[in-house]
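Analysis of the macromolecular model
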Amino acid sequence: MIVDYIVSALGLGALYALLTIGVALLFGVLGLMNFAYGEIILAAAFALYFFRDAPWLFAVAMAVVFAVAVALLSERLAFHPLRGADPVTLMIASFAVSLALQSVARMTVLPRAQGVPPQDFLAQRVDILGARVSVRDLVTLVLCGLVLVAVAYLMGRTSLGVQLRAAAENFQMAESLGVKGNRVIASAFVIAGVLAAVGAVVLVTRQGAVSAQMGLQPMLIGVIGAVLGGMSSLRGAALGGFILGVGTATLEALLPSDLIAFRDAFLFTALIGVLVVRPQGLLSGSKVRVS
Amino acid sequence: MMVLVPERARTPLILSAIAALVAVLGAVGGPTVQRVAVLALVSIVFVAGLSTFSANSGIMSFGHVAFMALGAYTAAFLTIPAPLKATLFTQLPEPLAFLRDVQSSFVVAVVVGGLVAAVLGLATAPAIARLTGLQSGIATLAILMVVYNVLSSWTSVTRGSSSMIGIPQATTLWAALGFAVAAIAVAWAYHSSRSGLQLRASREDYWSSVASGVAVGRHRATAWVLSAFLCGAAGALYACFVTSFNVSAFFLSATFGFIVMVVLGGYLSLSGAVLGAAVVSVLQEVLRRFQDGQFTGGSALPAGVADLLLAGVLLFVLIKFPLGLMGARELGLRRRRASVKQKEPVEA
Amino acid sequence: MDLVIEDLYVQYGSSVMAVQGASLVVRDGELVALIGQNGAGKSTLMKAVMGWVSPHAGSIAIGGTSVRDRAFSHLDRGVAFVPEDRGIFSSLTVGENLRLGAVRRRDKKAVAEDIERELERFPVLRRYWGRGASLLSGGEQQQLAIARAMMLNPRLLLLDEPTLGLAPIIVDLIFDVIEQLRAEGVTILLVEQNAVRSIEVADRTYVVQAPGRIIGSGTAAELGASAAVVDYLGFEPTDLGRAAS
């Protein structure tokens, strides 16, 4: 029971951290709080549905391709022309992109929700320390954990990571030193796309269905996690997302069943509280990127 | 004629004239046109409220639809006939049981709807007073999320995802016009007030306003509560026009529609908001008909086309005219130069 | 590589004219100083040269090409800029900051040599190599900023107030480095408030008065001949020895 809860809480924490990083990365580099992040996840989820009869790994690869394509397309068409606009304008624009992508999905391929039968191996349970832990939860934990480690390595140890962090902090200065701003921004969207795709893989196996509206919830999770963690650093954002995930799992385990429906109200009230008391985020240091 | 009108009364008069034009078009057109006109006038009430906050403070709100929702639910409780209410709400919790028996006139319902929204405004004002920019945008969105979550989950009181039904239709075309004119007058009165003036000064330069002793937070809170009242009233008008509604009417797609209105018109200007509401209401109707196939020879296009085109319009405006049609100007005021925030060259 | 600015006007917002009709020339291999009080428009002029602000009127050309030309690239032309706030990336380490100056270069061996060269020049950077750049003192950050700019192997170096707010001993160090860089053949435009030291090291000096107007230029002797300049500076540039002491 306890082991079961721990694996599921850690899994949810890792998933939320993943979603949060995708949002925080674009915010850090561009000042873009991307509402359309949910639709990037939707694109990946659609790929999983479309290739549901193909081998699982192929479907996952296509999910990455779809998500990255949509992420890059939104950058080209909407966010590139708005480079340098203030964050609120960017947020409104991403709202529009989100609605546009959702409409396209509803018009063409997903007029209604579609089931995606879960892979057989994910529905099984294994014995760990005497507890029956579901493979699905284990896969969530391992997959998200691996991706988080990969992102940490990419951001911390590679030249691209250094350039991304530099561009996030002072775009003009970075460009004057030879950082190729456009390429760095594009790669930030690519990374966000990959993160979204992995998030979609986990979400689809958990929900067993895809729909045009499915991006909303994960996008909101990303935004809340990023705000909680302080939007100035990826590490803070990941931690914010992780705590949000563990907290949600715990709330679900502890809240009386008639209050679970109000979980979001609790979460968002807490979010407003955090914004007021610590606008720089619960976990961040002193510096905050204001408006 | 303009010469005879004192300058400070010109803007509300012109905006009222626009509202009246919408009403007249509705009156001479068929029932469909009339429906569009009433909804446009309700939208004008809403954007007058939204713009009372965002045009003066310079802060965009994503949460005002929450106030509209409260107004609509309040009006429903006040006007649904008691016998129907008895069957709709069998499980009202004890403290709210009185709602089963209350009954009020249309005008009272609209005012009380506004007041209930204003109470939520008052409760959230301390947070709004302290935040700016993106933080503020996220906080306003969070308010919408909380209200939406409560309305859709508190089944015993709000019927959850089931619709509210049986509201007597009371928002006639002329009643809507009356409220629209009143809302414009209230919004303009605040715009011209001392508080409104000081708040706009803070929009131009926050710190120098604070330094010169302006209580920016207090003015922001005032504008916020007042705008909550107007948007709540708009919600009540909406409920009393459509007679039945669902909680999903007060979520992101409604928010998006209103954002398109104020951004298209110029979110720093009341005139822009009112013009935007009128223009976008018509645009939405045209797009809806386009989607239904009226212009393509009867073959309906897939659902979502209208939303897609609307999103395209918004993106185009944001990229080409980030301050909308009006910028920070108001109709009828000639001499003041647009005090639009110029983009400062980057300090680095 | 010549820098030629002609009749430059730069406007901030809708009203403030930060630079008004400034003209100046920096010839290849020269060290030219631009001095004047706070708010005289010196930094704005620098940013205009970098293309970070757009001029209202006038022209800026480097090596004969206008910087507003679409094809103009400050990097390809070898223009490096050390801004007034130093532009250090606080989320990166000292080493990462320094390496960022060579981000475009593929010749690993030459890059390693250049890093070694800068670490010789600024030993303090070697000591703090793996440390977060935000932990450096102001003087150390300034040294890092100059070292990083030098990683571009610039032909034209723009230094904006490199000694602002630094301790006297560090000011001496920075001026020594500037002279050293000039000796290495780098063309330098130096913006300073420290008029005495600047006139001392520079081949020629331009004096700017708010709002962005050049009131005099030339060698120390030439400046001393101008009543307006002497009046503005408050000392005779010809008697540098006495003024400095």
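Every value quoted in this text rests on a predicted model; they were computed, and no experiment measured them. (Residues numbered from 1 in each chain as written. Chains lettered and ligands numbered in written order. Predicted model: local features only at pLDDT ≥ 70, side-chain atom pairs only at ≥ 80, totals over all residues. Heavy atoms only, no water.)

Topic: the environment of B:Thr124
Residues and elements named next belong to chain B. The test is simple: Secondary structure counts use DSSP, requiring at least four H or I residues in a row for a helix and at least two E residues in a row for a strand, with both numbered from the N terminus. For each residue, the accessible area found with a 1.4 Å probe, counting protein chains only, is set against the maximum for its type, and the residue is called buried under 20%, exposed over 50%, and partly exposed in between. In what follows, a contact means two residues having at least one pair of non-hydrogen atoms within 4.5 Å. By the criterion applied in these results, polar contacts are pairs of N or O atoms within 3.5 Å in which, for protein atoms, one can donate a hydrogen and the other can accept it, and in which residues neighboring in sequence qualify only through two side-chain atoms.
As for its placement among the helices and strands, Thr124 is situated in helix H5 (residues 106-130). Look at Thr124 and you get buried, because its relative accessible area is 13%. Once residues within four sequence positions are removed from consideration, Thr124 is found in contact with Ile143 and Trp224. Within polar-contact distance, the side chain of Thr124 engages the backbone oxygen of Leu120 at 2.9 Å. At a separation of 3.2 Å, a polar atom in the side chain of Thr124 contacts the main-chain carbonyl oxygen of Gly121.

Quick word on the state of the cysteines
Between two cysteines, a covalent bond joining their sulfur atoms is known as a disulfide. Residue and element names in this part refer to chain B. Quick note on the threshold: Two cysteine sulfurs form a disulfide in these notes if their separation is within 2.5 Å.
Counting across every chain of the model gives zero disulfides over all chains. Cys240 supplies the cysteine sulfur nearest to Cys231, a cysteine that is in no disulfide, at a spacing of 16 Å. Judged by its relative accessible area of 0%, Cys231 is buried. Judged by relative accessible area, Cys240 falls into the buried class, the value being 1%.

Overview of the nonpolar core
Keep this limit in mind: Joining through side-chain atoms within 4.5 Å is the link that ties buried Ala, Val, Leu, Ile, Met, Phe, Trp, Tyr and Cys residues into a set, and such a set is a nonpolar core.
Judged by nonpolar contacts, the single largest core of 304 residues is most densely connected at A:Met33, A:Tyr37, B:Leu41, B:Phe245 and C:Leu157. Among the elements that make up this core, the one with the highest residue count is helix H11 (residues 216-242) of chain B (17 residues). With near-sequence residues (within four places) excluded, A:Met33 lies in contact with A:Val23, A:Phe27, A:Met91, A:Ser94, A:Val223, A:Met231, B:Leu134 and B:Ile138. In this structure, C:Val196, C:Val207, C:Leu223 and C:Phe235 belong to the second largest nonpolar core, which totals 10 residues.

Notes on the environment of B:Ala211
Residues and elements named next belong to chain B. Along the chain, Ala211 falls in helix H10 (residues 206-211). For Ala211, a relative accessible area of 71% puts it in the exposed group. Here the alpha-carbon distance between Ala211 and Ala277, two residues 66 residues apart in the chain, equals 36 Å.

Regarding the sheet that holds strand E5 (residues 65-66) of chain C
Residue and element names in this part refer to chain C. Under the convention used in this document: A pair of strands is treated as paired once DSSP finds two or more bridges between them. Axis definition: a line fitted to C-alpha atoms, over the contacting stretch in the case of helices. Angles run 0 to 180 degrees between N-to-C directions.
On the basis of which strands lie adjacent, the open sheet formed by four strands has the order E2-E1-E4-E5 and antiparallel pairing. With partners counted over all chains shown, the strands left at the sheet margins are strand E2 (16-26) and E5, one partner each. Pairing geometry for strand E4 (residues 57-62) and E5, over two bridges, is antiparallel. Each bridged residue has a counterpart across the sheet, and for Ile62 the counterpart in E5 is Thr65. Contacts between helix H1 (residues 42-50) and the sheet are confined to strand E1 (3-12), E2 and E4, with E1 contributing the most and set at about 110° to the helix.

Side note on the side chain of B:Lys85
Residues and elements named next belong to chain B. Here is the rule: Charge assignment: positive for Lys and Arg, negative for Asp and Glu; neither His nor the chain ends contribute. By definition, a salt bridge exists where a carboxyl oxygen of Asp or Glu is found within 4 Å of a side-chain nitrogen of Lys or Arg.
With respect to the secondary-structure elements, Lys85 resides in helix H4 (residues 82-88). Buried Lys85, no salt bridge; nearest opposite-charge side chain is Asp101, N-O distance 7.5 Å. At 2.9 Å, the side chain of Lys85 forms a polar contact with the backbone oxygen of Leu99. In contact with Lys85, other than residues within four places in its own chain, are Phe77, Leu78, Ile80, Leu99, Arg100, Val102 and Gln103.

Section: the packing of helix H1 (residues 2-30) of chain A against helix H9 (residues 216-229) of chain A
Residue and element names in this part refer to chain A. Our working rule: Here the angle decides the label: under 35 degrees means roughly parallel, over 145 means roughly antiparallel, 65 to 115 means roughly perpendicular, and every other value means oblique. Following the grouping adopted for this structure description, the nonpolar residues are Ala, Val, Leu, Ile, Met, Phe, Trp, Tyr, Cys and Pro, the charged ones are Asp, Glu, Lys and Arg, and the polar ones are all others, Gly among them.
The N-to-C vectors of H1 and H9 enclose an angle of 75°; their axes lie 7 Å apart at closest approach. By the criterion of interaxial angle, the relationship of H1 to H9 is roughly perpendicular. Taken together, the residues of H9 that come into contact with H1 (itself represented by Tyr16, Leu19, Thr20, Val23 and Ala24) are Pro218, Met219, Ile221, Gly222, Val223, Gly225 and Ala226. Counted by class, the contact of H1 with H9 contains nine nonpolar, three polar and no charged residues.

Examining the packing of helix H4 (residues 87-108) of chain A against helix H12 (residues 252-265) of chain B
To keep it simple, the criterion reads: By convention the crossing between two helices is left-handed if the near helix lies anticlockwise of the far one by an angle smaller than a right angle, and right-handed if it lies clockwise.
For the pair H4(A) and H12(B), the least separation of the axes is 11 Å and the interaxial angle reads 130°. Here H12(B) runs oblique to H4(A), going by the angle between their axes. The two elements H4(A) and H12(B) cross, and the hand of that crossing is left-handed. Residue-level inspection shows A:Ile92, A:Phe95, A:Ala96 and A:Leu99 of H4(A) in contact with H12(B), the latter providing B:Leu252, B:Thr255, B:Phe256, B:Ile259 and B:Val263. The class makeup of the residues in the contact of H4(A) with H12(B) is eight nonpolar, one polar and no charged.

Notes on the sheet that holds strand E9 (residues 204-209) of chain C
Residue and element names in this part refer to chain C. On the basis of which strands lie adjacent, the open sheet formed by six strands has the order E6-E7-E8-E3-E9-E10 and mixed pairing. Only two strands of the sheet have a single neighbouring strand rather than two, namely strand E6 (79-82) and strand E10 (213-218). Direction aside, the axes of adjacent strands within the sheet are offset by 15° on average. Pairing of strand E7 (residues 156-160) with strand E8 (residues 187-192) involves five bridges; the strand directions are parallel. From the neighbouring strand, Leu158 faces E8, where its bridge partner is Leu189. Across the sheet, helix H5 (residues 138-150) lies against E6 and E7, angled at about 170° from E6, the strand it touches most.

Quick notes on the layout of surface pockets
Selection criterion: Definitions used throughout: a 1 Å grid over protein atoms alone; a cavity as a set of points that fits a 1.4 Å probe which cannot get out; a pocket as an open set with protein on both sides within 12 Å along at least five of seven lines; a lining residue as one with an atom within 4 Å of a point. Grid points are joined across faces, edges and corners, and a volume is the space filled by probe spheres set on the points.
Empty space within the second largest pocket amounts to approximately 1,000 Å³. The wall of the second largest pocket is formed by 33 residues, among which B:Leu39, B:Tyr238, B:Ala254, B:Gln284 and B:Arg288 lie closest to the centre. Broken down by secondary-structure element, the contributors of at least two residues to the lining of the second largest pocket are H4 of chain A together with helix H2 (31-57), H11, H12, helix H13 (270-292) and helix H14 (305-320) of chain B. Across the lining of the second largest pocket, the residue classes tally to 18 nonpolar, 10 polar and five charged.

A few points about the interface of chain B and chain A
Operational definition: Put simply, buried area is the surface a 1.4 Å probe can reach on two separate parts but cannot reach once they are joined, added for both.
Facing 41 residues of chain B, the contacting portion of chain A comprises 45 residues. Between chain B and chain A, the buried area comes to about 3,700 Å², and carbon and sulfur atoms account for 82% of it. Considering only the surface of chain B that becomes buried against chain A, B:Leu134, B:Gln135 and B:Ile138 emerge as the three largest contributors, covering 18% of it. Here chain B and chain A share one salt bridge between them. When the shortest N-O distance is used, the salt bridge between B:Asp307 and A:Arg106 registers 3.3 Å. Counting every contact that joins chain B to chain A gives five residue pairs in polar contact (both at pLDDT 80 or more). Among the elements of the structure, H5, helix H6 (133-153), H12 and H14 of chain B are those that each provide at least two residues to the side of chain B that touches chain A. At 14 residues, H6(B) tops the list of elements feeding residues into the side of chain B that touches chain A. Looking at side-chain class alone, the side of chain B that touches chain A contains 30 nonpolar, eight polar and three charged residues.

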